[in-house]
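# Reading the structure
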Amino acid sequence: MLKKRGQSQIITSVLIILLVLAAIVIVWQVVSTTVQRGTARAEAAVNCLGINLIIVSINGGLSSVIVERGVDDFELQGIKIIVEDVTTGIQSCSQEFATGLPNSLSQSTLLTSSCNGLPSGSYKLKIAPKISDNQCDVTSSLDFKV
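Now for a look at the structure at hand.

The rules behind the values
Residues numbered from 1 in each chain as written. Predicted model: local features only at pLDDT ≥ 70, side-chain atom pairs only at ≥ 80, totals over all residues. Heavy atoms only, no water. Helix = DSSP H or I, 4+ residues; strand = E, 2+ residues; numbered from the N terminus. Rg over C-alpha atoms; globule rule 2.2 N^0.38 Å. Buried < 20%, exposed > 50% of the residue type's maximum accessible area, 1.4 Å probe, protein only. Contact = heavy atoms within 4.5 Å. Areas by Shrake-Rupley, 256 points an atom, 1.4 Å probe, with all protein chains shown as cover. Lys, Arg positive; Asp, Glu negative; His and termini not counted. Charge placed at Lys NZ, Arg CZ, Asp CG, Glu CD. Polar contact = N/O pair within 3.5 Å; in protein donor to acceptor, adjacent residues only side chain to side chain. Pairing = 2+ DSSP bridges. Axes fitted to C-alpha atoms, helices over the stretch in contact; angles between N-to-C directions.

This part is about the overall build of the chain. Looking only at helices and strands, the chain has one helix and eight strands in total. What you see in the chain, going N to C, is helices and strands ordered as α-β-β-β-β-β-β-β-β. By the compact-globule yardstick of 15 Å for 146 residues, the chain is too spread out, its C-alpha radius of gyration being 28 Å. If one aligns the C-alpha atoms of the chain with their principal axes, the spans along those axes are about 95 × 35 × 20 Å. Looking at the 146 residues of the chain, the share that counts as buried comes to 30%. The contacts in the chain between residues at least 6 apart in sequence include a share of 55% that link residues at least 24 apart. On the chain, roughly 9600 Å² of surface is accessible, and the fraction owed to carbon and sulfur atoms is 59%. Of note, the chain has its 11 positive side-chain charges centred 22 Å away from the centre of its 11 negative side-chain charges.

Here it is, written out as structure tokens:
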């Protein structure tokens, strides 16, 4: 009887050790995944801070927009243009561009076909770059009237 009691204590100890190891592995997976996601978001945010896009001018009501890019070495994947009504703050239109983008220290003319035909009023044009599959926040805005 004494021999069986000793074996059950050993088995219990081994099972507790295995449960603790399993809990450590599970916690490590959660922590590791969270840290990796946080690192990726931080890298994307740093990239967004480093790019400099400025609206130079708006032509023909809103038929085209000239955008200038400052000094940076990021691979610009796109530019999103957002038009908001100044009085209501409601988004009137938006358009994304993946081609014809400015290189570092250059300008590009973006043809805003989907934003034509806005009713008369005051608007705010905003631009937001896209870098490394990350849509950045607005980097520049300009008020205009139609």
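That shown, we press on.
All right, on to the side chain of Asp85 then. For Asp85, the location among the structural elements is in strand 3 (residues 76-85). A polar contact of 3.4 Å, which involves the side chain of Asp85, links it to the backbone nitrogen of Thr88. Apart from residues lying up to four places away in sequence, Asp85 is in contact with Ile90, Ser92, Ser122 and Tyr123.

For the rest of this paragraph, the subject is the sheet that holds strand 2 (residues 64-69). Reading across from one edge, 1-2-5 is the order of the three strands in this open sheet, with antiparallel pairing throughout. Both edges of this open sheet fall to strand 1 (53-59) and strand 5 (106-111), since each of them pairs with a single strand only. Along the sheet, successive strands turn relative to each other by an average axial angle of 25°, direction set aside.

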